[in-house]
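Per-entry structural report
The chain contents come next:
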Amino acid sequence: MSIDGLQQHELQERWLIRGATLPDGTSTDIRLDGRGITELGIGLSQSGASVIDAEGLIALPGLVDLHAHLREPGYEHSETVLSGSRAAARGGFTSVFAMANTLPAQDTAGVVEQVLALGESAGYVDVQPIGAVTVGLAGKQLAELGAMASSKARVRVFSDDGFCVSDPLLMRRALEYVKAFDGVIAQHSQEPRLTENAQMNEGALSGELGLVGWPAVAEESIIARDVLLAEHVGSRLHVCHVSTAGSVDVIRWAKARGINVTAEVTPHHLLLTEDLVRGYDARFKVNPPLRSREDVQALRAGLADGTIDIVATDHAPHPVESKDCEWDAAANGMVGLESALSVVHAAVVATGLLDWADIERVLSRTPARIGRLVGQGNPIAVGSPAELTLYDPAATRVFGREDLAGTSTNSPYLSMTLPGEVRATFHRGYPTVLDGVVRSSLEIADQASGVVVHG
Amino acid sequence: MRHLLSTKDLSRDEAINLLDIAEDMADVAEREVKKLPTLRGKTVVNLFFEDSTRTRISFEAAAKRLSADVINFSAKGSSVSKGESLKDTAQTLAAIGADGVVIRHPASGAPAVLAASGWIDAGIINAGDGTHEHPTQALLDAFTIRRRIHGQASRGTGLDGVSVTIVGDVLHSRVARSNLWLLTTLGADVTFVAPPTLLPSDTSLWPARFSFDLDDAIDAGPDVVMMLRIQTERMHAAFFPSSREYSRVWGLDDARFRRLGPASIVMHPGPMNRGLEISSAAADSANSTVLEQVTNGVSVRMAALYLLLSGDRKESKNVD
C-alpha cells in the first residue's frame, strides 16, 4: 500500500553492497532498492544507502527452489507458508515452488490462490504454487489444470509429487493437456507395484538390514516411459528428484534424442549415501531413498555435464514424532531449504565439478525458467529485480538447530560440518536475512505490504 | 555386554563365551531344582509387538530360572494397538523400573532404535525384529550344532569347518541373517539354497555360498541342513507359483532326507509346516534337533540375560 501518494520504492530503504564477488569471479559494488538493481561498479556512492560490506562474499541471484513442501493448508504442525518462507530465506532463496500435497490438495484454483496469498503476506519469498495433476493426488482423474493455470497463481508446474502418475494413459493426457498453456508435468518417478512398502535403496545393505528394498529400476522404468510419452505427444516433462545412475543414463539418452525433458537432483542425493541407514536413524529416511556411492557419483557427474538441469531441495518438514520412532513407522523426508547451498557447495563445488556460475544456473536461472517464473532467476545486472543472496564460501560451521528457521527440525545434517553460510538475502529490494539472521516476520510482512520500517 | 541386538556385532570370543555360559545353564536344567538366584530382584519385560508364544515362553522360562521377575507385555490389545508409540511404551517400561527388555517387533531395527534412543536405560535383547535378525535363535542353533558335534567337549570350541546349508525363504528370514553372521564367525561354511525370488537381490556382502538347486546341495553332503519356515502368503505375492511346486523343488522330502549322511543334522526353527518345507520322516528322525533346539533355547536365553543383567549395569555401560 502506498502512503500519501508516494511510490513504494521512494519509501523503501536503499542498499549498497560493497565489494561482492559475482558468480563469474569479478568484483563489484551493487546498489539496489525496491525498484531493482540500480547500479553496478567499483566505488559506487553510498549516499542515502545502508552499506553492507561484502568483501569475500559471493553474490548470487536469489535462489529458486522448484520443489518444496510448505504443508499449508492442512499440515501446519509441520510447516506453514510463513515458516517455510523463513527457512527458504535463511537458505538464500527468494522463490519457492510449493508442492501440491497439502490438505486440501492444491488441485483447484481456490487452493492455489490461497497459497499464493499466504506467500504474499508472509513476504520472505515468492511462493509459487504447484498444481496437482490429479484430483486429490489420487491418480484417477485430471485436476482442473486450466483453471489453475489461468488463476491468479498462474500455475505452470503440475505434480502429484509424493505419488507417481503411474497410469500411462493419464500421464499421456496430462502431458498433452498442459501444452495449451506451456505447462510442465513434474513427475515423481516411482513405479508403485515395484516399491510396495519400500523402506530403503535395494541393494546389499537392504538385504543385510532386513528393510524392504526400493529398487533403482522402479524409478528408471517410469522415467523411460515418460520421456517416450513426452516425445510422442511433443510435450514438456520435468523429472523430480533423480536418484540413480541409471536414471541419469536414461535422461542423457532422452536429451540426446531431442526430447523436451528437464531433471532435478536434491542436495541430499548429491551428498549422502545409504550407509547412513545402518543405525536405523529415521532422519535419513527419505523418498526416493539415499542411494549408493556410485549413484551419488553419477548424479554429480550428471549435474556437471548438464544432463541434470537443476538442484531442488524436496524440503519435507515433519514433526518430531514422525521421526522419533522405528524405521518402518517413520515418515519419508528431510528439511533442506536452510542447508541446500552449503550441501551443494560441499558436494559439487568443493569437489571442483561446478563453479559459482554453474550454481547460479542450477539453483536460480534454470529452475525459474522451467517453472516459467518471471521476476526470478535473472542475472545480477542493472534493471534486474532486486533478488539476491550473499554467501560466505570461506565459512565453516557445525550445522545445528540454530541454523534451521522453519517449524520442523528433521534435518539429516545436524552436527555435520558444512562449508559456507548465507550472510544476507534480498527479496524485492529488502533484506529478509541480514548478518546471517532471519529478520522478524512482522518486519518482513510490513515491508511486503509497503510500510516503511525504521531502525 | 550391554545389549544383544544382532549376531553381526558379536566377536568369536564373545559368542563362544555366551555358548559356554549356556552350557552351564543347561547343567542347571538337569538338577532337581532348576533355578538360580542370579537375577533375584531384577525385572525383565517381554515386550512383544508380534505374537510369538514359543519365543516368549522360552524367554519367560529363562528369566524365571534366573529368579528374575517377569512382566509379559503383549502389544496386541493394549494401548499400543490404540496408537501408542514405541517411545511412550519404552518410557513407560523405564518408569516401571525394567532392568531388561526382550523385544519382538515387526519393524527391522526397532531394538536398535530402542537401545540408541535414551528412552530407557534397560538392557535390550532382540527377540526378532522384522526381517533383520533373531540373535538368540542363531545362538541356540549354534549351541545345538556344537553339542551334537562335540558333545561333552563343547566348551571353548567353535564350529570350524562345519558345513551348514540353510534352505528356504532367506529374503524374509531373520533366522537366516542371524545364523549367517554367527555361524561364519564361529568358523562354519554357510550355503543358502532358495528360489531366486526368496534371496536378497544383492548378496555380495554375505560371506556365504548361494544355490538354487537343493538336490546339488544335499548331494554335497552338508553336516547340517536347516529348513526355514515358508509362509504360504508369500505365494500370493508371486514369490513362487504354488505350495505344491515349492514343496517339490525346495522341500526336504523323504527322498532328499534319505540321501543325507547318517550323522547329518536336520534343523528347523519352528513352527514347522510338515509336508511343505519338511517331511514328517525328516522332522521326527534321530537326525532332527527340532526339540533339542527348543530345550537349548532356554539355556542360551538364560546366558544372554545373565550377561546383560547380572552385576552393575552402570559399570558395563562404560565398557560398551
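Residues numbered from 1 in each chain as written. Chains lettered and ligands numbered in written order. Predicted model: local features only at pLDDT ≥ 70, side-chain atom pairs only at ≥ 80, totals over all residues. Heavy atoms only, no water.

Quick word on the UniProt feature "binding site: carbamoyl phosphate" (unreviewed entry) in chain B
All names here are of chain B.
- According to UniProt, the "binding site: carbamoyl phosphate" (unreviewed entry) feature falls on R54, T55, R104, H134, Q137, G270 and P271.
- Structurally, the position occupied by R54 is in helix α2 (residues 53–65).
- With residues near it in sequence (within four places) discarded, R54 still touches P269, G270, P271 and V294.
- Position of R104 relative to the elements: it lies in strand β3 (residues 100–105).
- Exposure remark for R104: the relative accessible area of 5% places this residue in the buried category.
- With sequence-adjacent residues up to four places away left out, R104 is seen in contact with L47, F48, F49, E50, D51, S52, T55, A127, G128, H134 and R174. (UniProt positions renumbered as here; feature names shortened; annotations may be inferred. Helix = DSSP H or I, 4+ residues; strand = E, 2+ residues; numbered from the N terminus. Contact = heavy atoms within 4.5 Å. Buried < 20%, exposed > 50% of the residue type's maximum accessible area, 1.4 Å probe, protein only.)

Digging into the interface of chain B and chain A
- The interface of chain B with chain A comprises 22 residues on the first partner and 15 residues on the second.
- Taken together, the two surfaces of chain B and chain A that pack against each other cover about 1,400 Å², and 55% of this comes from carbon and sulfur.
- Put simply, chain B and chain A have 2 salt bridges between them.
- The salt bridge involving B:K8 is made with A:E208; its shortest N-O contact spans 3.4 Å.
- At the junction of chain B with chain A, the criterion picks out 9 residue pairs in polar contact (both at pLDDT 80 or more).
- Those elements that place two or more of their residues in the side of chain B that touches chain A are α3 (86–96), α4 (110–117) and α6 (174–185) of chain B.
- Of all the elements, α4(B) adds the most residues to the side of chain B that touches chain A, at 3 residues.
- Residues belonging to the side of chain B that touches chain A are distributed by class as follows: 11 nonpolar, 7 polar and 4 charged. (Buried area = accessible area lost by both parts, 1.4 Å probe. Salt bridge = Lys/Arg side-chain N within 4 Å of Asp/Glu carboxyl O. Polar contact = N/O pair within 3.5 Å; in protein donor to acceptor, adjacent residues only side chain to side chain. Nonpolar A, V, L, I, M, F, W, Y, C, P; charged D, E, K, R; others polar.)

A look at the sheet that holds strand β6 (residues 189–193) of chain B
Residue and element names in this part refer to chain B.
- The strand order β7-β6-β5-β8-β9 describes an open sheet built from 5 strands, whose pairing is parallel. Only two strands of the sheet have a single neighbouring strand rather than two, namely β7 (209–211) and β9 (265–267). On average, each strand axis in the sheet is tilted by 20° relative to the strand beside it, whichever way the strands run.
- Pairing geometry for β6 and β7, over 3 bridges, is parallel. Within β7, the residue paired with V193 across the bridge is S211. (Pairing = 2+ DSSP bridges. Axes fitted to C-alpha atoms, helices over the stretch in contact; angles between N-to-C directions.)

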